[in-house]
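Spelled out, the chains give:
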Amino acid sequence: MKPWVIILIVLAILVGILVVLYFVGKRMQKKQDEQQEQIEASKQQVTLLIIDKKRLPVKQSGLPQQVIDQVPKIMRRQKMPIVKVKYGPQVMNMIADDKIFDIIPVKKEVKATVAGIYITDVKALHGKLDPIPEKKKKSFRQRLLRRQAKAQAELKELEKQDSKSKKRK
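Attention here is on the structure that accompanies the text. (Residues numbered from 1 in each chain as written. Predicted model: local features only at pLDDT ≥ 70, side-chain atom pairs only at ≥ 80, totals over all residues. Heavy atoms only, no water.)

## Concerning the pairing of strand S4 (residues 109-115)
Our working rule: Relative accessible area decides the class of each residue, using a 1.4 Å probe on protein chains only: under 20% of the type maximum gives buried, over 50% gives exposed, and in between gives partly exposed. By the criteria applied, helices consist of DSSP H or I runs no shorter than four residues and strands consist of E runs no shorter than two, each listed in order from the N terminus. Paired strands are those between which DSSP finds at least two bridges.
With five of seven residues buried, S4 lies mostly within the body of the structure. Pairing geometry for S4 and strand S5 (residues 118-124), over six bridges, is antiparallel. Note on S5: the bridge partner recorded for Val110 is Ala124. Between S4 and S5, which pair antiparallel in sequence order, lie two residues; one of them, Gly116, sits at a positive phi of approximately 70 degrees.

Structural data, given as structure tokens:
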């Protein structure tokens with residue numbers, strides 16, 4: 001077989017894969033838009049007392065069995081942002097949006113926008129919410145400088161101990 005025939009076959013396969021991915025992505029986007037519309041239609045403002053928040057697999061989350069059964073099999077092993085809240089007299093577990101999970105305060109009362117068992121937004125009821133600062137990735141040079149500073153500090157400490165032991169003798 002000539003090399004250009006192999007290249008054409010590989011290109012045809014790649015084009016086929018790209019076309020399939022395009023249509024699958026389009027279908028998934030439609031589903032996501034429909035789900036977002038449902039969330040927007042059913043959301044309401046409630047006052048919640050946040051007891052605890054964790055990232056847990058769905059099976060360990062304490063959510064109702066009906067909810068666990070509806071989660072796709074692929075998502076069952078992934079950890080989800082679960083928030084334990086007190087809503088009125090009852091304590092229940094809810095799923096938080098990934099975007100807001102980090103700013104949800106623990107052991108505080110918040111006014112939350114909820115759609116079913118899904119928390120989409122939180123606002124402070126008393127005071128302000130403390131935003132979590134974004135963690136910036138340190139450059140290679142900054143990490144080297146930090147290591148150098150630690151090594152120098154350890155060296156100075158060792159020199160002090162050595163000079164103290166020489167003075168005692």
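## With respect to the nonpolar core
Heads up, the rule is: The definition of a nonpolar core used throughout is a set of buried Ala, Val, Leu, Ile, Met, Phe, Trp, Tyr and Cys residues joined through side-chain atoms within 4.5 Å. We call two residues contacting when some pair of their heavy atoms lies within 4.5 Å.
Core analysis: the biggest nonpolar cluster contains 15 residues, and Leu48, Ile50, Val83, Ile104, Val114, Ile119 and Val122 have the highest contact counts within it. Every element with two or more residues in this core is listed here: strand S1 (44-57), strand S2 (79-87), strand S3 (90-96), S4 and S5. In this structure, Leu48 is in contact with Val85, Lys86, Tyr87, Met94, Lys108, Glu109, Val110, Ala112, Val114 and Ile119, ignoring residues within four places of it in sequence.

## Regarding the pattern of salt bridges
Opposite charge on two side chains permits pairing when their charged atoms draw close. Threshold: Within this document, salt bridges are pairs made up of a side-chain nitrogen of Lys or Arg and a carboxyl oxygen of Asp or Glu, the two lying within 4 Å of each other.
If you walk through the whole model with that rule in mind, you get three salt bridges. We note a salt bridge from Glu40 to Lys43, for which the minimum N-O separation is 3.0 Å. Glu40 sits in the partly exposed class, given a relative accessible area of 42%. Residue classification places Lys43 among the partly exposed residues on the basis of a relative accessible area of 38%. Residue Lys54 is joined to Asp52 by a salt bridge in which the shortest nitrogen-to-oxygen separation is 3.8 Å. With relative accessibility at 44%, the residue Lys54 sits in the partly exposed group.

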